Each structure stands twice: as structure tokens, then as C-alpha cells.
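Residue-level listing of the chains:
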Amino acid sequence: MPKRSNEKRFKLKQQCREALAANIYDRLRIVGAPEKVRLQPRPEDGYAWSVTSPNSGLLKSSLSSGKIHLYRKICNEIGHSIEAVSPDALGHSQSNTSCIPRESLEAEGIGEGMDGSFTAEIPKLRAANSSMKFELERTRARLNDCFDEIHTVRAEANELRHDMQILQSDNKKLHDELTEARAGIAGARRILNSLQTEGIEIALGTRDIQSSANGIHAR
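Residues numbered from 1 in each chain as written. Predicted model: local features only at pLDDT ≥ 70, side-chain atom pairs only at ≥ 80, totals over all residues. Heavy atoms only, no water.

Draft legend 1. Expanded view of the side chain of S81. Here S81 shows up in the loop between α2 (68-77) and β2 (82-85). S81 sits in the buried class, given a relative accessible area of 0%. A polar contact of 2.4 Å, which involves the side chain of S81, links it to the side chain of E77. (Helix = DSSP H or I, 4+ residues; strand = E, 2+ residues; numbered from the N terminus. Buried < 20%, exposed > 50% of the residue type's maximum accessible area, 1.4 Å probe, protein only. Polar contact = N/O pair within 3.5 Å; in protein donor to acceptor, adjacent residues only side chain to side chain.)

See below:
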């Protein structure tokens, strides 16, 4: 049983080394013997490993003394969350491994099953994120301006409503005064007409009396 387990371990270790070597060649076109591949490469090896944070512990082990679980896990993650990159791609990192938060990749749909290099996508994502933040700030500033303008317009509308209420009140007063004045004028006209009618009747009556008086004197 131990012999079979050792054989399985040796076979998986070899598959793991070959997969790592293949990834180095695919990414960097560096040809290297699988038995020379390291999880913690030296600067002169010409390659480094980029890995997402949850799997960073895989690169702290040694391929020579690793266990079956380590080899399986590395084989499953190569090209998905582990990939070979140029040491320069790690920037100012002091080691030849770079840990990238997986959530930052998943947020953009980058990670498992992707065709390109997730490490190369990080600068693009950061630039896009900065651009989105800048645009968001601009949008917020515009929104605040709109809110200020709405507040000003509402204040002006309230003032206009107040002025309109005052004008409506004044207009009602004037209308009532006009109605009262018209009623007064109509009453005055009726009185005037009545007085004029009475005056005519009085004048006619006076003429009749004078005519009668003149007839008496003539006799």
C-alpha cells in the first residue's frame, strides 16, 4: 500500500512539474526541464508566479517534498489562478510570487476558465476602476448641482405661489368693491330717474295750474 501511494505521489508530482513547465513556456516562451521547475523561483530563472490570494499558500511549499493534495491542487489551478509571469510584471515585489485578491478578478468576470492572463488584466482593471471613480465623482457633482437648482426653483415657486395668493386676494377685494360700486351707481341712476320723472310731473302740474289761472283772469 505505501508503495502504491508513493508511486501515485511520484506520478502526480511529475504531472505537476510538466504542467508548470508548460505554463512557463505558454506564457513566456521559456523552455525548461520539468524537474528544474520551482514554486519559489530565483531571479535568474526568468519567470515568477502570479497567484490569487486564496491559493497563495500553494507556492510556499516545495515540489520535492509536497503531498498528493498539493500536486492535485496546483494542477487544477494552473492557468486559472496560478500562472507564470515575467519577474518584471510583479513590480516592486520582493519575492518572485505575487498574490492577487480573487474577489477583484471575480468582480470583473476574470479568473477560472479565462483564456488570457489574469495578471495582465489587473492594470487594466485598476485603470478602469479609476476611470469609473472619476466619472462617479463627476456624476455626484452634477447631481448635487441639480439638487441645488431644484431647491432654488422650489423656493422661487413658493414665492410665486405666495405672490399669486396675495394678488388673488387683492383681485377679490377689487371685484367686491367694483360690484358694490356698480350696485351704488345703479341705485343712484334709479333715484335720478325717479327724481327726473317726479320733476317732469311737477312741471306739467305747474303749467296746468298756470293755464287755469290765466283762464279765470281772462273772464
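Draft legend 2. Region of the structure containing a nonpolar patch on the surface. Judged by side-chain polarity, L143, F147 and I150 come together as a nonpolar surface patch covering roughly 280 Å² of accessible area. Within the secondary structure layout, I150 lies in helix α4 (residues 118-218). (Patch = residues over 30% accessible without salt bridge, like charges linked within 9 Å, V, L, I, M, F, W, Y side chains within 5 Å. Areas by Shrake-Rupley, 256 points an atom, 1.4 Å probe, with all protein chains shown as cover. Salt bridge = Lys/Arg side-chain N within 4 Å of Asp/Glu carboxyl O.)

Draft legend 3. Focus on the side chain of K13. Within the secondary structure, K13 sits in helix α1 (residues 2-28). Although K13 is buried, it forms no salt bridge, and the closest oppositely charged side chain is E35 at an N-O distance of 11 Å. Those residues in contact with K13 that sit more than four places away from it in its chain are L63, S64 and Y71. (Lys, Arg positive; Asp, Glu negative; His and termini not counted. Contact = heavy atoms within 4.5 Å.)

Draft legend 4. Just unusual backbone geometry, in detail. In the Ramachandran plot, R29 falls in the positive-phi region, its phi being about 60° despite a non-glycine side chain. Relative to the elements of secondary structure, R29 occurs in the loop between α1 and β1 (48-52). Look at R29 and you get exposed, because its relative accessible area is 53%.

Draft legend 5. The UniProt feature "coiled-coil region" (unreviewed entry) in the protein chain, seen in detail. According to UniProt, the positions carrying the feature "coiled-coil region" (unreviewed entry) are residues 150-177. Its end C-alpha atoms 40 Å apart, residues 150-177 is made of 100% helix and 0% strand. (UniProt positions renumbered as here; feature names shortened; annotations may be inferred.)

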